[in-house]
Amino acid sequence: MSKIKEQDILKLLRGKASPKKLKALEEWSSKDTVNAVSLERYQRIYDEADHLSTYNHVDTDLEWKNFTSNIKESVADTEILEYFDGLASPTQRKKVEDWKKMSASNESDFETFNLILEESRELSDYKKVDVDNEWANFGKLLKEKETQPTESLEIQSSNVQKEISVAPTFKNTSTSTVHEAKEIPLITPYTEERQSNRVVMWRVFAVAASILLLAVFGWTLWQNAGSSTTSDDMFLTYATADYPEVITLSDGTIINLDEQTILTYFKDANLSEERSVTIDGKGEFNVASNPEKPFIVKAKRSGVGIRVLGTKFRLEKSDEYIEVIRNIEGSVRAYSLSDTSTHVVMTAGDRYAFDGAKFIELRDLEEEYNGKEYDILYVLDYLMEESGWRVTSSPYAEFNGEAIIMVDLDKPYEEILEDLARRQDFQYVKMPCDGCFQVTRFTVDY
Amino acid sequence: MNNSPFNESNFEEVFKTYFGPLCNYVNSYLKDWESSREIVQGTFMKVWENKDSIKINTSAKSYLYSAVRNRMIDSIRSNKKFDEYKNTVNVDEADEGIENMNSFLIREEILKSMEKLKPKMKKIFSLSKIEGLTYNEIAAYLNISKRAVEDNVAKALRILKEDLEGNEVIFTD
C-alpha cells in the first residue's frame, strides 16, 4: 500500500483522486479505525468549509458585554425587593441571582440591600438617642468632674452618673420616666454636707410620698367603681369594679375594660410621640388609626407590650397562660417587656399566648372553628384534585417533615388557601395562568 | 503602636457617632436603658480622661466597642440585678461581637438616612420594614395601590443603600 498524504485526501474529497489512489485510500481507511475517523473528520471539515462564505463571525466579547448590561438594566429594584420579601417567582429569583453573579458590584449591591432589610427589621427595638442632648450632658459632667479634686476617677464617675441618671433632659419612652421627669438642678460639687442634706431631703420626700400613697389608696377604696382619677398632667387612671365598662380615649380609641381592671392612659395624645397605656387586667382595644403615633399597650401583670398603629385586639382571660392576645383586625406586634427581642407580629385572626418567656401560637377550638386537623400536603393535594388548580412548589420553599394544620375543607377553595397563608411560615403567589399557584415559602421547624 | 484616635477636635464627632449605637448594644444585653446609658457615658468619660495617653493600633470604633464591652461585663459581675445576664455575655469571647456592634451602627445610619426620605416614602418604608405590615395592609391603610407601596419601598431601599455605601464608619474595622 502506497503512503497516504494530505494532498491525496484532498483529491479524494474533491472527487479528483485516480482509481489507484482511491483504492489505496480505501485500504488505508479500512485498515485502521483511527484512519477511518481521521478521514471522516477531513470530510466534515471540507463540507462545512463550503458554508463559511455565509457564516458571520460574532464578537463574543462585545456580545457578552451587551448581555450583562441588559441583565443589569432589566432587574428592577422592585424585583430585588420581591426576591428578599419571598414574593418572587422562580423565574424572577433566577433573574436576580444571575444579576447578582454578573459582577462584584452587583454582588455588593445585593449584600447591602440584604443588610439594610435585615437591620431594618430590628429597628423597632432600637432607641434613637438625642446625641446633642447627651453631648451637652457630657460637657456638664466634665465640668462637674473638674470641681471634684479629692476623689478617685471611678468614685466620681459613679456618683456623677447616678446624678445624671435622673437628668430631666434625657428622653426615655417609659411611662414611669414621663411621670418622674422633673427639673432637678444637677451640677453641684459632691460633698459630705451635700450628702447629708440629700438624706434629709429624701426623708422629707419619703414622708410626703407615704402620705400621698395613703391618700391615693383611700381614694381608690372610696371610688370602688368606675372612676377617673388624675395622676398627673399627662396621665389618667381608670379602674373598673365588678362589671365591664367602655372607655373612649382622647384620640378616639375605644377600650372595653373587663371587670377589676385598671387602665393608665394618656390625657392628650398630642403631648407625646406615642400613645402609651398601661393595663392591669383584661380588655379589648379598638385603636384609632394614627400612623404618626404608635399605640403601645403595656400589660402590667404579664410583662407583655403590644405596639400598633390602628387595629382591634383583645387581651383574653386564661388559666393556662399569663397572657393571651387575640388579634381581630390589622396587625400588632406583641413583645416581652423584659426582652423586646422576644416578639411576634400578629395578623388578623391570630391568637398567641405568652408564658413569661415566649409567645405560643394558639389554634382556635374546634367548636369555634369548623375545621379539622390535616397534613398541609394533603390539603394542597385536595385543592388540586377538587378545584382543578395547579399548585406547584418553588424550589426555595422547604418542606421539612409534616405540618398539621386546622382547616375547614368545606370552605371555598380560595378561603382554604387564604387560611393556609395566615400561617407565618406559609406563603404562595398566584401564577399568570388561571388556577395556578405556587408555594413560595413553607418552612416548619421541628 | 499608633497615636491616640481621640483628641479634643474629633471627640464630639466620635461621641455623637457612637453614643447611640453603643447604648443600644449594651441595652441588647442588659435590657436596662438607664444602666446601659450610664455604662456608655462612663466609658466616654474614661476615654476623655485618658485621650492623650491612649496608644492603640486599632480604630476608635474597635477601641470603644472593647471598652464598653469590658465595662458592661464589670457591671454584670458586680451588680446583682444583672445576675440573669451572666450567662448571656460570654466573657471569654472578647471579640465576639464587633460584627454585632456594626449592626447597631448600621441601624443608627439607617435611621439617619430615613430622615432624608420624603415623608410618605419614609412612612411606607417604616410601616413595611420596621413595623412588619404587609404591602396589602399598608395599601389599605394609606388608601394607595399595593404597587405604589412596593415602588416606594424599593425606591427607599435604593436611596438607603446609596447613603450607606458612602459610610466609612460602618465598612471599616
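The structure presented is a predicted model; accordingly, all values stated were derived computationally and were not measured.

**A closer look at the overall build of chain B**
- If you tally the helices and strands in chain B, you get seven helices and zero strands.
- Ordered by position from N to C terminus, the α and β elements of chain B give α-α-α-α-α-α-α.
- Across chain B, the fraction of contacts at a sequence separation of at least 24, relative to all contacts at a separation of at least 6, is 69%.

**Digging into the overall build of chain A**
- When helices and strands are counted, chain A shows 13 helices and 20 strands.
- Across the 446 residues that make up chain A, the buried fraction comes to 21%.
- Long-range pairs, those at least 24 residues apart, make up 44% of the contacts in chain A with a sequence separation of at least 6.

**Some points on the pairing of strand β13 (residues 343–346) of chain A**
Residues and elements named next belong to chain A.
- Both strand β12 (residues 332–336) and β13 contribute to a ladder of four bridges, which runs antiparallel. Within β13, the residue paired with Tyr335 across the bridge is His343.
- The turn joining β12 and β13, which pair antiparallel and follow one another in sequence, is formed by six residues.

**Some details on the packing of helix α8 (residues 131–146) of chain A against helix α1 (residues 8–30) of chain B**
- One can describe the packing of α8 of chain A onto α1 of chain B by two numbers: an axis separation of 10 Å at closest approach and a directional angle of 120°. Judged by the inter-axis angle, α8 of chain A sits oblique to α1 of chain B. Relative to α1 of chain B, the crossing made by α8 of chain A is right-handed. Residues Val131, Glu134, Trp135 and Phe138 of chain A of α8 of chain A form the contact with α1 of chain B, whose participating residues are Glu12, Phe15, Lys16, Phe19 and Gly20 of chain B.
- In the contact of α8 of chain A with α1 of chain B, the residues fall into five nonpolar, one polar and three charged.

**Remarks on the pairing of strand β5 (residues 262–266) of chain A**
Residue and element names in this part refer to chain A.
- Counting buried residues along β5, four of its five residues qualify, which places the element largely inside the surrounding structure.
- Pairing between strand β2 (residues 235–239) and β5: five bridges, direction antiparallel. Its bridge partner lying in β5, Phe235 is registered against Phe266.

**What to know about the environment of Gly305 of chain A**
Residue and element names in this part refer to chain A.
- Here Gly305 shows up in strand β9 (residues 304–308).
- Between the alpha carbons of Gly305 and Thr278 there is a distance of 9.1 Å; along the sequence they are 27 residues apart.
- If we ignore the near neighbours within four places in the chain, the residues touching Gly305 are Ile296, Val297, Lys298, Tyr335 and Leu337.

**Observations concerning the sheet that holds strand β4 (residues 254–257) of chain A**
Residues and elements named next belong to chain A.
- Strand order in the open sheet made by the seven strands is β3-β4-β7-β10-β11-β14-β15, with antiparallel pairing throughout. The open sheet terminates on both sides in strands that have one partner only, identified here as β3 (245–248) and β15 (359–361). The sheet shows a mean angle of 20° between the axes of neighbouring strands, taken without regard to direction.
- Alignment of strand β14 (residues 351–354) against β15, held across three bridges, turns out to be antiparallel. Residue pairing in the sheet places Phe354 in a bridge with Phe359 of β15.

**A short note on the interface of chain B and chain A**
- Opposite the 41 residues of chain B that make contact, chain A presents 39 residues.
- Where the side of chain B that touches chain A is concerned, the elements lending two or more residues are α1, α2 (33–49), α4 (98–114), α5 (119–130) and α7 (146–165) of chain B.
- Here the side of chain B that touches chain A takes eleven residues from α7 of chain B, the largest share from any one element.
- For the side of chain B that touches chain A, the per-class residue count stands at 18 nonpolar, six polar and 17 charged.

**Points about the confidence of the model for chain B**
- Here chain B shows a mean pLDDT of 84. Residues at 70 or above account for 86%.
- Confidence metrics for the complex model read pTM 0.45 and ipTM 0.87.

**What to know about helix α3 (residues 33–49) of chain A**
- Taking 1.5 Å per residue, 17 residues should reach 24 Å; α3 of chain A reaches 24 Å between its end C-alpha atoms and fits that length.
- Buried residues are scarce in α3 of chain A, accounting for zero of its 17 residues.

**Notes on the confidence of the model for chain A**
All names here are of chain A.
- Counting all residues, the mean pLDDT for chain A is 72, and 72% of those residues have values of 70 or more.
- Within the model, pLDDT remains below 50 along residues 150–205, and this stretch shows 47 contacts once partners closer than five positions in the same chain are excluded.
- Scored below 50 in pLDDT, residues 213–232 makes 20 contacts in the model with residues more than four places away or belonging to other chains.

**What to know about the nonpolar core**
- Core analysis: the largest hydrophobic core is formed by 52 residues, its most contacted members being Leu22, Val26, Val40 and Val68 of chain B.
- When near neighbours in sequence (up to four residues on either side) are disregarded, Leu22 of chain B contacts Val40, Leu64 and Val68 of chain B.
- Phe285, Phe313, Val324 and Tyr335 of chain A belong to the second-largest nonpolar core, a separate cluster that totals 33 residues.

**Brief notes about α8 of chain A**
All names here are of chain A.
- When the terminal C-alpha atoms of α8 are compared, their 22 Å separation across 16 residues agrees well with the 22 Å that a helix rising 1.5 Å per residue should span.
- Three or more residues of α8 are buried, namely Glu134, Phe138, Leu141 and Lys145. The arc that holds the buried residues of α8, viewed along the axis, is 60°, so those residues lie on one side. For α8, the exposed residues lying more than 90 degrees away from the buried face are Asp132, Ala136, Gly139, Lys143 and Glu146.

Criteria and cut-off values
- Residues numbered from 1 in each chain as written.
- Chains lettered and ligands numbered in written order.
- Predicted model: local features only at pLDDT ≥ 70, side-chain atom pairs only at ≥ 80, totals over all residues.
- Helix = DSSP H or I, 4+ residues; strand = E, 2+ residues; numbered from the N terminus.
- Contact = placed C-beta atoms within 7 Å.
- Buried ≥ 20, exposed ≤ 12 C-beta atoms within 10 Å, placed from the backbone.
- Pairing = 2+ DSSP bridges.
- Axes fitted to C-alpha atoms, helices over the stretch in contact; angles between N-to-C directions.
- Parallel < 35°, antiparallel > 145°, perpendicular 65-115°, else oblique.
- Left-handed = near helix turned anticlockwise from the far one by under 90°.
- Nonpolar A, V, L, I, M, F, W, Y, C, P; charged D, E, K, R; others polar.
- pLDDT = per-residue confidence, 0-100.
- Expected span 1.5 Å × (residues − 1).
- Core = buried A, V, L, I, M, F, W, Y, C linked by C-beta atoms within 7 Å.
- Arc of directions from axis to C-beta.

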